[in-house]
Amino acid sequence: MMDSDAFFVELPKVELHAHLNGSLSSATMLELKRFHADSGLEDKTNAFFDEFQIGAGDTRGLSDCFQVFSIAHSLTSTPDSLALATRLTLQEFQDDGCCYLELRSTPRDTPHMTKLQYIETIIKAIRKASVHLTMITTLIVSINRNQPLGEADEIANLAIECFKKYPENVVGIELSGDPMAGTFQSFIPALTKARGAGLKVTLHCGEVCNPKEVLEMLKFKPERIGHGVCIHPKYGGTDETWSLLCKLKIPVEVCLTSNVNTKSTPDYDSHHFQYLHEAEIPIILCTDDKGVFATSLSREYQICVKTFAMTYSQAARLSLNACQYVFAHNTRKMLNDKILNFIEKHSL
Ligand code: 6MZ
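Residues numbered from 1 in each chain as written. Predicted model: local features only at pLDDT ≥ 70, side-chain atom pairs only at ≥ 80, totals over all residues. Heavy atoms only, no water.

A. Just the environment of aspartate 153, in detail. Here aspartate 153 lies in helix H6 (residues 149-165). Aspartate 153 gets classed as partly exposed once you look at its relative accessible area, which sits at 32%. The spacing of aspartate 153 and proline 233 is 80 residues in sequence and 34 Å in space, taken between C-alpha atoms. (Helix = DSSP H or I, 4+ residues; strand = E, 2+ residues; numbered from the N terminus. Buried < 20%, exposed > 50% of the residue type's maximum accessible area, 1.4 Å probe, protein only.)

B. Fine view of the site of the ligand. Contacts to the ligand come from 20 residues, most closely from His73, Ser105, Thr106, Glu207 and Asp289. Within the contact set of the ligand, an oxygen atom lies 3.0 Å away from a side-chain nitrogen or oxygen of histidine 19. Side-chain polar atom of threonine 106 to an oxygen atom of the ligand: 2.5 Å apart, as the coordinates give it. With respect to the pocket detection grid, the ligand is positioned in the largest pocket. Those elements that place two or more of their residues in the shell around the ligand are helix H3 (62-74) and strand E2 (98-105). A per-element tally of the shell around the ligand places H3 first, with 4 residues. (Near = heavy atom within 4 Å. Polar contact = N/O pair within 3.5 Å; in protein donor to acceptor, adjacent residues only side chain to side chain. 1 Å grid on protein atoms, 1.4 Å probe; cavity = no way out; pocket = protein on both sides within 12 Å on 5 of 7 lines; lining within 4 Å. Sits in = over half its atoms within 2 Å of the grid points.)

C. Spatial organisation of the layout of surface pockets. A volume near 490 Å³ is recorded for the largest pocket. For the largest pocket, the lining is made up of 33 residues, of which Phe69, His73, Thr106, Asn144 and Gly177 are closest to its centre. Mapped onto the lining of the largest pocket, the elements with two or more residues apiece are H3, E2, helix H5 (115-129) and strand E3 (136-144). When residues of the lining of the largest pocket are assigned to their parent elements, the largest contribution, 5 residues, is made by H3. Residue composition of the lining of the largest pocket, grouped by class: 8 nonpolar, 16 polar and 9 charged. Size it by volume and the second largest pocket reaches roughly 190 Å³. By residue class, the composition of the lining of the second largest pocket is 2 nonpolar, 6 polar and 3 charged. (Points joined across faces, edges and corners; volume = space filled by probe spheres on them. Nonpolar A, V, L, I, M, F, W, Y, C, P; charged D, E, K, R; others polar.)

D. Here's a closer look at the pairing of strand E4 (residues 170-176). Within E4, 7 of the 7 residues are buried, which leaves the element mostly enclosed by the surrounding structure. Note: E3 against E4, 6 bridges, orientation parallel. By the bridge assignment, serine 142 is partnered in E4 with glutamate 174. Each parallel crossover has a hand, and for E3 linked through H6 to E4 it is right-handed. Here E4 runs beside strand E5 (residues 200-205); their pairing, made up of 4 bridges, is parallel. Along E5, the bridge assignment pairs glutamate 174 with threonine 202. (Pairing = 2+ DSSP bridges. Right-handed = clockwise from strand over helix to strand, strands pointing away.)

This is the structure:
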């Protein structure tokens, strides 16, 4: 049997919850800084570059975490730097053994591009990279709940436009951003419109304690939810939120290190993963922001196996199960076969 690091890298995995600007590794950030310097663009990151990563013992929590993304944003404000960030990040996910990536990102107007150009730049970078990568990548368009409602509506319209124009690239829409900002209710019209046009929906749900909102979100029946920390009564949910999730069995994108480092959960041992697992709620292990939290998907699998005393076979089946929930339906069989091949090859 190969060593643990190699096993979890080689295991074909699907990544379904990765924010582009949170996924920039230190190496990618340095490359982007060099690119900025070579292009003669102003670089405002010098003073606070070291603050981009939030490690386990960091004093900063979830609410502080939303400030660090502006560091990445300042390095992805032109079409060329955004394309470079996308290309390097895709390569890193493939090098870590991902066979399918659903990348998500929030379109921004910058002095150098409009929101539409932002989305199209990422799509073009994905298409270009797919010529030499074996990993399949699709895009989920993000709405930040901190933005004014008009902006959410504009982004939903752009997501629909791009979904029609690039159906093989754009697969979904999601709601993220500081969970203390805005209300889910106010985003329902924009999300419903996108869903009506055929986009799949995933929502950051229960990242902080707010049972009323969790109920509203579950009743909306998104195709998947992200985090799902405060749903079980032990974690700030209620009997009603938990029993509804158990009834609907909405797949949860679980981000272990993100939850620990932002202190949504005190440590790995007490992570709600075990409750979801026991209740047979579908789980997809994900990284969230692999750059900010200095992690990788193979590392998340390793942590999961170590923390919850799982076998390699159970870990491989977690990956196999996850591929049923990818938004690009037409890739499911191919992904399933790829992971099954790995399982058979290693007699798991
Ligand atoms: C909620 C998060 C997040 O979109 O610019 N984002 N939203 N909870 C989290 N948990 C830690 N991590 C990242 O990537 C950065 C954006 O993703 C969302 C935030 O809106 C952040 O600004 P993009 O590529």
